[in-house]
Amino acid sequence: MTSANSGSASGAINLADFVEIFQRRIKLFGVITGALTALAIIASLLATPQYTATANLKLDPNKRSIIDTPVSAGATPADNPFIETEIQVARSRKVALATITALNLSKDSEFGAAEAGGLKQSLARMLGAQPAKLSPAEADDAVATEFMSRLNVSRDGLSYIIHVDFTSRNPQKAALIANMVAKQYMLASTTMRSDALRLQAQTLETGLSKLGAEARNASAQAAAYRANSGLASAANGTVTQQQASGIAAQLSDVQAERATAMANLAEAKAQLNRGDLDSVAAVLSSPGVQDLRRLRAELLRQQAEISTRYGPRHPEWLRIQQQLNGVDAQLKVESERVVAGLEATARAADAKVAALSGTLNGLQGQLAASSRAEAVAQGLDREAEAKQNVYNQFNMAQQQASQQTNVDETRAVLVSEATTPESPSFPNKPLFALMGLFVGCAAGAAGVFVAESLESTIRSTSDVTRYLGLTTVAVVPALARSALRIAGKGTSPESYVVKRPMSGFAEAFRNIRSALMLPEADRAAKVIAVSSALPGEGKTTAAAAFGRVLGMSGAQVVIVDCDLRRSSLADRLGAEGRGPGLTQLLTGHATLDETLRPDAVSGVFILPTASTEFIPQDLFSGSRARDLLEELKSRFDYVILDSPPVLAVAEARAIAVLADRVILVTQWAKTPRAAVIAAVDHLRHDGADLAGVVLNRVDVSGHSLSKRDYAYYYSDNKRYYSE
């Protein structure tokens, strides 16, 4: 693409490049965009108007039946699928056929089978063939298909309102059909729900007896298993469980009593071992011991009185001492009897604990066996309970279904009937124009980039550098016909530089002179060949105008017409006349003075060809041509060689080698890039010294050039020119 060629050094395309592309191709973009916009507007004007009428229905999601899915807590009814289901019912083929039948639309020309036969029928009529006759079923299907293509049912946001839209060529008909579709939908919805309820009731009634039998059988099996397994249960569990519970409680109490008895016995034995029998609690609490201890205390009191009165050897004191010894002996016997009682109590408690533990172990064995049976029995109980619950639910559902079968209730209410639309819904002319403009802009942009992608010419100085590896020595603007009409007469471009020497066109050729006159390392450019890749690129005009500009600057210039086959230089510069020319000079039949012709306008000399006859001899490869150039260089400041096209005539390559510098003229945006590249390759291969490229006939309007081309600013520089 040219944009890439004129882009940055890295080759990337930036926004400025895109803008320049559109500026260069603005006409193409405008034509495509305008054409498509105009087509869209014309299509909207020619399209048959269509009118859309709308009837509004309000759904009531709270009117639910047993066949509906319950709404869970916190759920929004508007979010349930039943609203979409109702919309599908409203746009169903069943509702469409009912509406068609109610309004007799099958005979309407807008929906009739003869017109709704589809593409095949239309093609048959266009080709003059007799369309195949549709069967009644095919005709009804065609009418329904056409009808449904005009019907639209939609939901209003997240509300319960649904819109029934119908489009027709007739506004009254559109409203009539929209209202009828709404009514047929409500009727169909009620009918379908009633049929579903009736079928549901029949199904429930059929399965109810079977479920009842299954529930009864399950309960009987659970009861029989419990009876056979001995799992007769009381209010607080089975008999075994209650027995085990009682024995466990008794065992706990006996174990506590045994622990107390053992503790008392251990304490008594410990006191006996220490000889402190009087400290044993059981002994102290014995009534016999308590009586003996009181008796002993009385005897001790009496002995103390006698001892005080009579002394310890008194007979009464001795008698009392004997009684005390007897009481002590009785206390010892009574204490030992009490300790023996404690041991008997402890042994009895042990025996009781052992008996109760044995009984409890037996009951626990029975419980382990009955637990497995109880698990099975509980499973049977749960199964029986589940079947009974299912039976109860089915029984309730069957009763509800039976009650709702004859209820004629719809979920939808017609809140507003369709009215006759006043304006067509199609075509939307502003929308058509906007869409046409949008599509046109897109197509125009695509066309611009396709054109840029297919661009195969030289359009900018960057193209010259990128593809040819050369510099651009001048950009010659194209001259409009109005500019060439000077003093009411037509003027040629080569004469324009004389009549308008301060013009931008003449300035371009002075740029060539400046480019060629830059200091060179080895030699000055005196012999300058002007050539092109193909014919018709303006190289002769460029050579003549360049020579005249040099001549008007005071230099001695000769322009040599080297195009032996299509000579036109002399005619363009007004140097016609009979006489010898370059051919005769190079063949030795004329002298230089005989062939030179002055240009009275600019003071330059022209060396014409004077003969276009084919000469098999190679005139430019011999020494005569080199000698001629040496002589011309000695007599003139500049020798301009008007060379034939490089790709058309082989002599052009020989002429280019003879010149000090070669200027390649390329017609802007016309000469194929491949041709220019081939010409440059030939000249480089031959060793010609290429000075650069002249872009000829350039449109300097601004939009045709890149901002990187200095010719882009031609209009800004016009104050320096006199056109």
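Here the structure is a predicted model, which is why all the values come from computation and not from measurement. (Residues numbered from 1 in each chain as written. Predicted model: local features only at pLDDT ≥ 70, side-chain atom pairs only at ≥ 80, totals over all residues. Heavy atoms only, no water.)

Chemist: I'm lost on the overall build of the chain in this one. Help?
Modeler: Broken down by element type, the chain carries 24 helices and 16 strands. Counting contacts in the chain only where the partners sit at least 6 residues apart, residues at least 24 apart contribute 79% of the total. Surface accessibility of the chain: about 38000 Å² in total, with carbon and sulfur atoms responsible for 55%. (Helix = DSSP H or I, 4+ residues; strand = E, 2+ residues; numbered from the N terminus. Contact = heavy atoms within 4.5 Å. Areas by Shrake-Rupley, 256 points an atom, 1.4 Å probe, with all protein chains shown as cover.)

Chemist: Would you mind going over the packing of helix H17 (residues 504–516) against helix H18 (residues 539–552) with me for this structure?
Modeler: Relative placement of two packed helices is described by the angle separating their axes and the distance separating the axes. H18 packs onto H17 with a crossing angle of 75° between their chain directions and a minimal axis gap of 9 Å. Overall, the two elements H17 and H18 adopt an arrangement that is roughly perpendicular. Residues Ala506, Phe509, Arg510, Ile512, Arg513 and Leu516 of H17 lie in contact with H18, whose contacting residues are Ala542, Ala545, Phe546, Val549 and Leu550. Residues that form the contact of H17 with H18 fall into these classes: 9 nonpolar, no polar and 2 charged. (Axes fitted to C-alpha atoms, helices over the stretch in contact; angles between N-to-C directions. Parallel < 35°, antiparallel > 145°, perpendicular 65-115°, else oblique. Nonpolar A, V, L, I, M, F, W, Y, C, P; charged D, E, K, R; others polar.)

Chemist: Looking at this structure, how should I read the sheet that holds strand E11 (residues 557–561)?
Modeler: Sheet strands pair by backbone hydrogen bonding; their relative direction is either parallel or antiparallel. Judged by pairing direction, the sheet is mixed, and its 8 strands sit side by side in the order E7-E16-E15-E10-E14-E11-E13-E12 without closing on themselves. Of all the strands in the sheet, just strand E7 (472–477) and strand E12 (597–598) have a single pairing partner and so form its edges. Two elements, E11 and strand E13 (residues 605–607), share 3 bridges in a ladder whose sense is parallel. Paired with valine 558 across the two strands is phenylalanine 605, which belongs to E13. Set on the sheet, H18 makes contact with strand E10 (527–532), E11, strand E14 (638–642) and strand E15 (661–667); between it and E14 the angle comes to about 165°. Strands E15 and strand E16 (690–698) of the sheet are contacted by helix H24 (residues 673–686), whose axis makes an angle of about 170° with E15. (Pairing = 2+ DSSP bridges.)

Chemist: Help me out: how do you make sense of the environment of valine 353 in this one?
Modeler: Take valine 353: it is sitting in helix H12 (residues 315–404). Here valine 353 falls in the buried class, since its relative accessible area comes to 13%. Each residue touching valine 353, except ones within four places of it in the same chain, is listed here: Leu251, Val254, Gln255 and Arg258. (Buried < 20%, exposed > 50% of the residue type's maximum accessible area, 1.4 Å probe, protein only.)

Chemist: I would appreciate a short explanation of a nonpolar patch on the surface in the present structure.
Modeler: Taken together, the side chains of Leu431, Leu434, Met435, Leu437, Phe438 and Val439 present a nonpolar region at the surface, about 580 Å² in accessible area. Structurally, leucine 434 can be placed in helix H13 (residues 429–453). (Patch = residues over 30% accessible without salt bridge, like charges linked within 9 Å, V, L, I, M, F, W, Y side chains within 5 Å. Salt bridge = Lys/Arg side-chain N within 4 Å of Asp/Glu carboxyl O.)

Chemist: What exactly am I supposed to notice about the sheet that holds strand E1 (residues 51–59) here?
Modeler: Judged by pairing direction, the sheet is antiparallel, and its 4 strands sit side by side in the order E2-E3-E1-E6 without closing on themselves. If you trace the sheet from one side to the other, it starts and ends with strand E2 (151–155) and strand E6 (412–416), each paired once. This sheet shows a mean twist of 30° between the axes of neighbouring strands, independent of strand direction. Here 4 bridges tie E1 to E6, and the two strands are oriented antiparallel to one another. Of the residues in E6, the one forming a bridge with leucine 59 is alanine 412. Contacting E1, E2 and strand E3 (161–168), helix H4 (residues 82–90) runs over the sheet at an angle of about 170° to E2.

Chemist: Sorry if this is basic, but what is going on with the pairing of E1 here?
Modeler: Regular strands have side chains that alternate between both faces of the sheet. Sheet topology places E1 next to E3; 8 bridges connect them, and they run antiparallel. Within the sheet, the bridge partner assigned to leucine 57 lies in E3 and is isoleucine 162.

Chemist: Before we go on, may I ask you to explain the nonpolar core in this structure?
Modeler: Across soluble globular proteins, nonpolar side chains have a tendency to be buried as a group. In this structure, Val560, Leu582, Leu607, Phe620, Leu632 and Leu641 are the most contacted members of the largest nonpolar core, which totals 48 residues. Those residues in contact with leucine 607 that lie beyond four places of it in its chain are Val558, Ile559, Val560, Asp561, Leu582, Leu585, Leu592, Thr595, Leu596 and Leu628. Listed in part, the 36 residues of the second largest apolar core include Val498, Ile512, Ala543 and Val549. (Core = buried A, V, L, I, M, F, W, Y, C linked by side-chain atoms within 4.5 Å.)

Chemist: Sorry if this is basic, but what is going on with the packing of aromatic side chains here?
Modeler: Each aromatic ring pair is characterised by the separation of its centres together with the angle its planes make. Using the criterion set out here, one finds 5 aromatic pairs in the structure. Aromatic pair tyrosine 496 and phenylalanine 505: ring centres 6.0 Å apart, planes at 80°, arrangement edge-to-face. A single burial state applies to tyrosine 496 and to phenylalanine 505, both of which are buried. Connected via pairs of aromatic rings, a cluster forms that spans Tyr496, Phe505 and Phe509. Looking at arginine 466, its charged tip hangs above the ring of tyrosine 467, at a distance of 5.9 Å from the centre. For arginine 673, the ring lying beneath its charged end belongs to tyrosine 467, and the centroid distance is 4.1 Å. (Phe/Tyr/Trp six-rings, centres within 6.5 Å; stacked < 30°, edge-to-face > 60°. Lys NZ or Arg CZ within 6 Å of the ring centre and 35° of its normal.)

Chemist: Would you explain the pattern of salt bridges in this entry?
Modeler: Working definition: two side chains of opposite charge can pair if their charged atoms are close together. Taken as a whole, this structure holds 18 salt bridges when the rule is applied. Residue glutamate 298 is joined to arginine 301 by a salt bridge in which the shortest nitrogen-to-oxygen separation is 2.3 Å. Separated by 3 residues within a single helix, glutamate 298 and arginine 301 lie in helix H11 (residues 287–309), roughly one turn from each other. Residue arginine 301 is classed as partly exposed on the basis of its relative accessible area of 41%.

Chemist: It is not clear to me how the confidence of the model for the chain should be interpreted in this structure. Could you clarify?
Modeler: Close inspection of predicted coordinates is inappropriate for parts of the model with low pLDDT. The predicted model of the chain has a mean per-residue pLDDT of 80, with 79% of residues at 70 or higher. Here residues 1–11 is a poorly scored stretch, pLDDT under 50, and it has 33 contacts once near neighbours within four places are set aside; other chains count. (pLDDT = per-residue confidence, 0-100.)

Chemist: For this particular structure, what's the right way to read the side chain of threonine 37?
Modeler: Within the secondary structure, threonine 37 sits in helix H3 (residues 26–46). At 2.7 Å, the side chain of threonine 37 and the backbone oxygen of threonine 33 are in polar contact. Beyond its immediate sequence surroundings of up to four residues, threonine 37 is in contact with Ala433, Gly436 and Leu437. (Polar contact = N/O pair within 3.5 Å; in protein donor to acceptor, adjacent residues only side chain to side chain.)

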